[in-house]
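# A structural walkthrough
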Amino acid sequence: MSRKPIIAGNWKMNNNSQKSVELIKGLKSGLDDINASLLPEVVVAPVFTSLYAVNEELNKCAYSKIALAAQNCYYQDHGAYTGEISIDMLKDFNMTYIIIGHSERRQYFGETDEMINQKAKAILANGLLPIICCGETLEQREQGITDKHISNQIMQALEGISSEDTAKSVIAYEPIWAIGTGKTCDADEANRVIKMIRETVKNLKGENAANSIRILYGGSVKPETIEEQMAKSDIDGALVGGASLKADSFAKIVKGAMAKASV
Ligand code: PEP
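So, a few notes on the structure that sits alongside this text. All figures in this text were calculated on a predicted structure; none of them were measured in a lab. (Residues numbered from 1 in each chain as written. Predicted model: local features only at pLDDT ≥ 70, side-chain atom pairs only at ≥ 80, totals over all residues. Heavy atoms only, no water.)

### Notes on the overall build of the protein chain
- When helices and strands are counted, the protein chain shows 13 helices and eight strands.
- Scaling as 2.2 N^0.38, a compact globule of 263 residues should have a C-alpha radius of gyration of about 18 Å, and the protein chain matches this with 17 Å.
- With the C-alpha coordinates aligned to their principal axes, the bounding extent of the protein chain is approximately 45 × 45 × 35 Å.
- Looking at the 263 residues of the protein chain, the share that counts as buried comes to 54%.
- Contacts spanning at least 24 positions in sequence make up 76% of the contacts within the protein chain whose residues lie at least 6 apart. (Helix = DSSP H or I, 4+ residues; strand = E, 2+ residues; numbered from the N terminus. Rg over C-alpha atoms; globule rule 2.2 N^0.38 Å. Buried < 20%, exposed > 50% of the residue type's maximum accessible area, 1.4 Å probe, protein only. Contact = heavy atoms within 4.5 Å.)

This is the structure we're talking about:
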C-alpha cells in the first residue's frame, strides 16, 4: 500500500511575520526546480500571527507546493474562551492540517488525552486533518512501558472517530527525549514503534484505516538522517522542529523524502 509521505515543519514559537515570509520564500525557491508530483506533501506550521502573511505569500503562485498547518486549536467553535482560536477561524488561512498533542503542549499547557480527542474530532468535523503527536519520556522508555504508553495515547486520541476519518488522519511518533536534543531515535526502533502504532490502529479501526493513516517520525530529524528514516517500511514522513527553521536544511529534508514520494 503506498502512502504519500509528508514532511512537516513545526516552527514552534519562532519568527514574526516578516521572518516567516523570508523563511517561506527561501523554502519556495529551494523547491522551485522540482516538479510537485515528485515531492512529498510539504507542510509548514508557523505561529498563528504569521499565518496571514505566509498564506498570502503562498497564494502568489497559482499552485503552491506547500500546505499550511496550525500548531494548535481549540475545539469549541466560538464563545467565552479568552486567548483561544477555533478551527473555523483557522480556515481563513487555507489551513490543511492542525498539530495536536505536541509534547510541549502536554508538558507546559496541560493538554490531556481527552482534550486531544476533542480537538481531533472537531478538526475532522470541520473538514481539516489532525496531526496527532504521541511519544514516551526517557523514563518511560527505561521502564519498558513505551509501547503501552503510546498505544494508550492513540486509543484515547482516536476514541469515537470513524475508520474513514482515521484513515485520513496523521500521527506523529515523537519520542520526547529526541525532541530538540540532537539525539535521533534509531531508525529501526522508530520503525518498530510506528508498526506497533499501526497495529493499534488496525485493532481499533480496521485494516483499511491502518494501511492508509500516515505515521511520521519526529525528534531531531536532520538532512543527514532523513534518507535512512524514510527507507524504513512504516515511516511515512517526518515532523521537523529545529531543522525546519532554516530554508536550506528543510528543503534538503524534503528532497531526502523524494525517493519514497515517487514510489
Ligand atoms: C518537534 O518539535 O516536533 C520536533 C521534532 O523538534 P526537533 O526536530 O527540533 O527535535
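Back to the write-up after that little detour.
### Points about the sheet that holds strand β8 (residues 237-240)
- Spatially, β1-β2-β3-β4-β5-β6-β7-β8 is the arrangement adopted by the eight strands of the closed barrel, whose pairing is parallel. On average, each strand axis in the sheet is inclined to that of its neighbour by 25 degrees, with strand direction left out of account.
- With two bridges connecting them, strand β7 (residues 214-218) and β8 associate as parallel partners. Bridge pairing links Y217 to A238 in β8.
- Each of β1 (6-10), β2 (41-45) and β8 is contacted by helix α12 (residues 247-256), which is oriented at about 160 degrees to β1, the strand it contacts most. (Pairing = 2+ DSSP bridges. Axes fitted to C-alpha atoms, helices over the stretch in contact; angles between N-to-C directions.)

### What to know about helix α1 (residues 17-31)
- Here α1 spans 21 Å end to end across 15 residues, near enough to the 21 Å set by a 1.5 Å rise per residue.
- Inspection of α1 places S20, V21, L23, I24, L27, K28 and L31 among the buried residues, and these make up the whole buried set. What you see down the axis of α1 is that its buried residues fit within an arc of 160 degrees, all on one side.
- Elements in contact with the buried residues of α1: β2, α2 (51-58), β3 (66-70) and α12. (Expected span 1.5 Å × (residues − 1). Arc of directions from axis to C-beta.)

### Observations regarding the packing of α1 against α2
- Interaxial distance between α1 and α2 falls to 9 Å at its minimum, and their mutual angle equals 30 degrees. As summarised for this structure, α1 and α2 are arranged roughly parallel, according to the angle between their axes. With respect to the hand of their crossing, α1 and α2 are arranged in right-handed fashion. Here S17, S20, V21, I24, K25 and K28 of α1 lie close against α2, whose contacting residues are A53, V54, E57 and L58. (Parallel < 35°, antiparallel > 145°, perpendicular 65-115°, else oblique. Left-handed = near helix turned anticlockwise from the far one by under 90°.)

### Some words on the environment of D77
- Within the element layout of this structure, D77 appears in the loop between β3 and α3 (87-90).
- Sequence separation between D77 and L58 is 19 residues; the distance between their C-alpha atoms is 26 Å.

### Quick word on the site of the ligand
- In the vicinity of the ligand lie 14 residues, with K12, E174, G180, S220 and G241 positioned nearest.
- In this structure, an oxygen atom belonging to the ligand sits 2.5 Å away from a side-chain N or O atom of K12.
- Summarising the interface, the protein chains cover 95% of the accessible area of the ligand, which totals 290 Å² for the free molecule.
- A class-by-class count of the residues in the shell around the ligand yields four nonpolar, eight polar and two charged. (Near = heavy atom within 4 Å. Polar contact = N/O pair within 3.5 Å; in protein donor to acceptor, adjacent residues only side chain to side chain. Areas by Shrake-Rupley, 256 points an atom, 1.4 Å probe, with all protein chains shown as cover. Nonpolar A, V, L, I, M, F, W, Y, C, P; charged D, E, K, R; others polar.)

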